[in-house]
2 protein chains.
Amino acid sequence: MKFLRRLYNYYFSPHRNFVTSLSSILGFVPANLSLYRLAFSHKSFSQTQPTSGARNNERLEYLGDAVLGTIVAEYLFKKYPNRDEGFLTKMRSKIVKRKSLNEIADQMGLDVFLIQNGVDMVSNSMLGNALEALIGAIYIDIGYKGTRKYVVKRILRSYMDIRLLETYDDNYKSQLLEWCQKNSKPISYKVLSKFKFDNRDRFRICVLVEEQVMATAEDFSKKAAEQLASKEALSLLVSNRKPSPHKAER
Amino acid sequence: MKFLRRLYNYYFSPHRNFVTSLSSILGFVPANLSLYRLAFSHKSFSQTQPTSGARNNERLEYLGDAVLGTIVAEYLFKKYPNRDEGFLTKMRSKIVKRKSLNEIADQMGLDVFLIQNGVDMVSNSMLGNALEALIGAIYIDIGYKGTRKYVVKRILRSYMDIRLLETYDDNYKSQLLEWCQKNSKPISYKVLSKFKFDNRDRFRICVLVEEQVMATAEDFSKKAAEQLASKEALSLLVSNRKPSPHKAER
């Protein structure tokens, strides 16, 4: 039955354009079109459309997020038979992190589908969410095995450099903590000020190594500011340079 | 081939006792015995056994955790076609939370398998971890569909009261915040003191509703203390036992 539906969708459906462009992304002809349409329905649009019954892609995103997590978990489990679960967990979170998904969805051109579904301004996070929702839709449409094949071939192998991710570490705070521990240097972070910017809280923080200010940074969250400051401090410490005085005194 | 292996395991294997007791838990005869043995190998044991090459159940636990998450996500997605993803996410975390898994594993009698594999003292968390590792082993042994059938039938339907979980909410802080929002009452938490107890930090905090102390509580984490105080405050507020709020004129 699904085969006939696919045949119909591809050759006779009134939505042939949608089917053709979707098929080129999927690598197969979708059977359940309404599911894929839902995957590209953002809540900002569905809320203004009472007829749509507030149906949006959030449920599919919830499902796709879980399915993607398992597929990636299994892929790494088999790819690295001798690595411990700490390594696997870290690798997995590097792969499925929001920023990567947003970028992949962008490269896949999912923005076009969102715009076709009535979204005016496509934000980065909308893209990543749509990718997760798409994976949820694929899962319901063709099951676990087919989805796994899709994710491995069309996402992991096409857009990810897994080997590069092995050594890539963008958690500068934990790198800095590790460095300080190894070199027996006490480290601490301090909030210098909290103020409003663009009506949002903004934090200015500094990182002190051996009670000396190594770097200061600011951002809309303490965590992000700490990362920025840690990155700068790390590059100074590793290259054995001193913080520039005007920075240190702030 | 797997069928023959199962047949052999059940009738002729030298580990027939293990196969029989495992089969009664699984509902099917396992093909890959070493996988299940690994699922019950705790790191505390493998580390003292150099011959085991530090092989323990942590990798399988990592895999099983992901697989379980997806199966539960899908189960809820289908069981509640009209609920939003916020509800589904909350329900999922109630089902897969550590405490539930520990209890289920205890009721399933997984402690026996851990003890047979050399664990002296079985802790609660070892049990939950072994259950996740068991799910990882089942997944590799019989694939996604079979694992889904196992989890739904032998875990969700046997040990969980999903309907009861719908209304069960042990996050008293979020309940209290919701109540205060609904009743337009400002709420805040305050740390009264932090001290050492048993060489650990202990916090004494209070919750203020309309700037009046409603309850105080202490625990080893701020979060836990806030939960305790919130629970007490909630019961006072809901039963209307709180001192009548004398509102400052504005």
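Residues numbered from 1 in each chain as written. Chains lettered and ligands numbered in written order. Predicted model: local features only at pLDDT ≥ 70, side-chain atom pairs only at ≥ 80, totals over all residues. Heavy atoms only, no water.

Trainee: Tell me about the overall build of chain A, residues and numbers included.
Mentor: Regarding its fold elements, chain A presents 13 helices and three strands. Compactness check: chain A gives a C-alpha radius of gyration of 23 Å against a globular reference of 18 Å for 250 residues, more than 25% above the reference. Taken over 250 residues, chain A has a buried fraction of 44%. The contacts in chain A between residues at least 6 apart in sequence include a share of 50% that link residues at least 24 apart. Summed over its atoms, the accessible surface of chain A is roughly 13800 Å², and 52% of this surface lies on carbon and sulfur atoms. (Helix = DSSP H or I, 4+ residues; strand = E, 2+ residues; numbered from the N terminus. Rg over C-alpha atoms; globule rule 2.2 N^0.38 Å. Buried < 20%, exposed > 50% of the residue type's maximum accessible area, 1.4 Å probe, protein only. Contact = heavy atoms within 4.5 Å. Areas by Shrake-Rupley, 256 points an atom, 1.4 Å probe, with all protein chains shown as cover.)

Trainee: How would you sum up the packing of aromatic side chains? Please name residues and give values.
Mentor: Overall, the coordinates contain 17 aromatic pairs over all chains when judged by the stated rule. Ring geometry for Phe197 of chain A and Phe220 of chain A: centres 6.2 Å apart, planes at 40 degrees, overall tilted. Residue Phe197 of chain A is located in strand S1 (residues 187-197), and its partner Phe220 of chain A is located in the loop between strand S3 (212-219) and helix H12 (222-238); the two are separated by 23 residues in the primary sequence. Classification of Phe220 of chain A by relative accessible area gives partly exposed; the value is 24%. Ring centres 5.2 Å apart and planes at 85 degrees place the aromatic pair Tyr10 of chain B and Tyr11 of chain B in the edge-to-face group. A residue is classified by how much of its surface remains accessible, and Tyr10 of chain B, at 34% relative accessible area, is partly exposed. We classify Tyr11 of chain B as partly exposed; its relative accessible area is 48%. Geometry around Phe18 of chain A places Arg37 of chain A over its ring, the cationic atom sitting 4.5 Å from the centre. We note Arg83 of chain A situated over the ring of Phe87 of chain A; from NZ or CZ to the ring centre the distance is 3.8 Å. (Phe/Tyr/Trp six-rings, centres within 6.5 Å; stacked < 30°, edge-to-face > 60°. Lys NZ or Arg CZ within 6 Å of the ring centre and 35° of its normal.)

Trainee: Provide a residue-level description of unusual backbone geometry, including the pertinent values.
Mentor: Residue and element names in this part refer to chain B. Even without being glycine, Ser184 reaches a positive phi, approximately 50 degrees. Topologically, Ser184 is positioned in the loop between helix H11 (172-182) and strand S1 (187-197). Positive phi, normally seen in glycine, also occurs at Asp198, with a value near 60 degrees. Mapped onto the elements of the fold, Asp198 is located in the loop between S1 and strand S2 (200-209). According to the relative accessible area criterion, Asp198 is exposed, its value standing at 65%.

Trainee: Outline the interface of chain A and chain B, supporting the account with residue identities and numerical values.
Mentor: Counting residues at the interface gives 29 residues for chain A and 29 residues for chain B. Across the interface of chain A and chain B, roughly 2300 Å² is buried in total on both sides, 60% from carbon and sulfur atoms. Together, Arg59, Tyr62 and Phe77 of chain A form the three largest contributors to the area buried by chain A at its contact with chain B, with a combined 37%. The interface formed by chain A and chain B holds zero salt bridges in total. Per element, the largest residue contribution to the side of chain A that touches chain B is 15 residues, and it comes from helix H5 (residues 58-79) of chain A. Along the lines of polarity and charge, the residues of the side of chain A that touches chain B split into 15 nonpolar, four polar and 10 charged. (Buried area = accessible area lost by both parts, 1.4 Å probe. Salt bridge = Lys/Arg side-chain N within 4 Å of Asp/Glu carboxyl O. Nonpolar A, V, L, I, M, F, W, Y, C, P; charged D, E, K, R; others polar.)

Trainee: Can you lay out helix H9 (residues 124-159) of chain A for me, pointing to particular residues and giving the numbers?
Mentor: Between its first and last C-alpha, H9 of chain A extends only 17 Å over 36 residues, short of the 52 Å set by a 1.5 Å rise per residue. The principal kink in H9 of chain A, of about 125 degrees, is found at Gly143 of chain A. (Expected span 1.5 Å × (residues − 1). Bend = angle between axes of the 7 residues up to and from the residue.)

Trainee: Before we move on, could you go through the nonpolar core and cite the residues and values that matter?
Mentor: With 114 residues, the main nonpolar core has Leu110 and Leu134 of chain A together with Leu110 and Leu134 of chain B as its most contacted residues. With near-sequence residues (within four places) excluded, Leu110 of chain B lies in contact with Ile25, Phe40, Ala105, Leu127, Ala130, Leu131 and Leu134 of chain B. (Core = buried A, V, L, I, M, F, W, Y, C linked by side-chain atoms within 4.5 Å.)

Trainee: Any details on the confidence of the model for chain A? Residues and values, ideally.
Mentor: Low pLDDT means the predicted atomic positions in that stretch should not be read closely. Residue and element names in this part refer to chain A. On average, residues of chain A score 89 in pLDDT, and 93% of them reach the 70 mark or higher. Of all secondary-structure elements in chain A, the lowest mean pLDDT belongs to helix H13 (residues 245-248), at 54, while H5 reaches the highest, 97. Scored below 50 in pLDDT, residues 50-54 makes two contacts in the model with residues more than four places away or belonging to other chains. (pLDDT = per-residue confidence, 0-100.)

Trainee: Summarise the domain arrangement of chain A; cite the residues concerned and give the values.
Mentor: Here chain A is partitioned into domain 1 (2-167) and domain 2 (172-248). Using only C-alpha atoms to locate each centre, domain 1 of chain A and domain 2 of chain A end up separated by 37 Å. (Domains from an automatic or database assignment.)

Trainee: Go over the pattern of salt bridges, please, and point to the residues and values.
Mentor: This structure, assessed with the given rule, holds 24 salt bridges over all chains. Lys185 of chain A is the partner of Glu210 of chain A in a salt bridge, and the nearest nitrogen-oxygen pair spans 3.6 Å. Separated by 25 residues along the polypeptide, Glu210 of chain A in the loop between strand S2 (200-209) and S3 and Lys185 of chain A in the loop between helix H11 (172-182) and S1 bring together distant segments of the chain. With relative accessibility at 26%, the residue Lys185 of chain A sits in the partly exposed group. Residue Glu74 of chain B is joined to Lys78 of chain B by a salt bridge in which the shortest nitrogen-to-oxygen separation is 2.7 Å. With Glu74 of chain B and Lys78 of chain B both in helix H5 (residues 58-79) and four residues apart, this pair spans about one turn of that helix. Owing to a relative accessible area of 4%, Glu74 of chain B belongs among the buried residues under this scheme. Lys78 of chain B gets classed as exposed once you look at its relative accessible area, which sits at 52%. Residues participating in the shared-partner salt-bridge network are Glu74, Lys78 and Arg148 of chain A.

Trainee: Which residues make up the side chain of Asn56 of chain B, and what values do they have?
Mentor: Residues and elements named next belong to chain B. Mapped onto the elements, Asn56 comes out in the loop between helix H4 (43-46) and H5. Its relative accessible area of 14% is what places Asn56 among the buried residues. Among the polar contacts made by the side chain of Asn56, one reaches the main-chain amide nitrogen of Glu58 at a distance of 2.9 Å. (Polar contact = N/O pair within 3.5 Å; in protein donor to acceptor, adjacent residues only side chain to side chain.)

Trainee: A description of the pairing of S3 of chain A should follow, citing residues and the corresponding values.
Mentor: Residues and elements named next belong to chain A. For S2 and S3, the ladder comprises seven bridges, and the chain directions are antiparallel. Residue pairing across strands places Ile205 opposite Ala217, the latter belonging to S3. Counting the residues in the hairpin turn of S2 and S3 gives two residues, including Glu210, whose phi is positive at 50 degrees. (Pairing = 2+ DSSP bridges.)

Trainee: Lay out the sheet that holds S3 of chain A with the relevant residues and their values.
Mentor: Residue and element names in this part refer to chain A. Ordered in space as S1-S2-S3, the three strands form an open sheet in which the pairing is antiparallel. If you trace the sheet from one side to the other, it starts and ends with S1 and S3, each paired once. If you compare each strand with its neighbour and ignore which way they point, the axes differ by 20 degrees on average. As paired elements, S1 and S2 share 10 bridges and run antiparallel to each other. By the bridge assignment for S2, Lys196 is matched with Asp201. The strands that H11 touches are S1 and S2; relative to S1, the one it contacts most, it runs at about 155 degrees. Sheet strands in contact with H12 are S1, S2 and S3, and its direction is about 140 degrees off that of S3. (Axes fitted to C-alpha atoms, helices over the stretch in contact; angles between N-to-C directions.)

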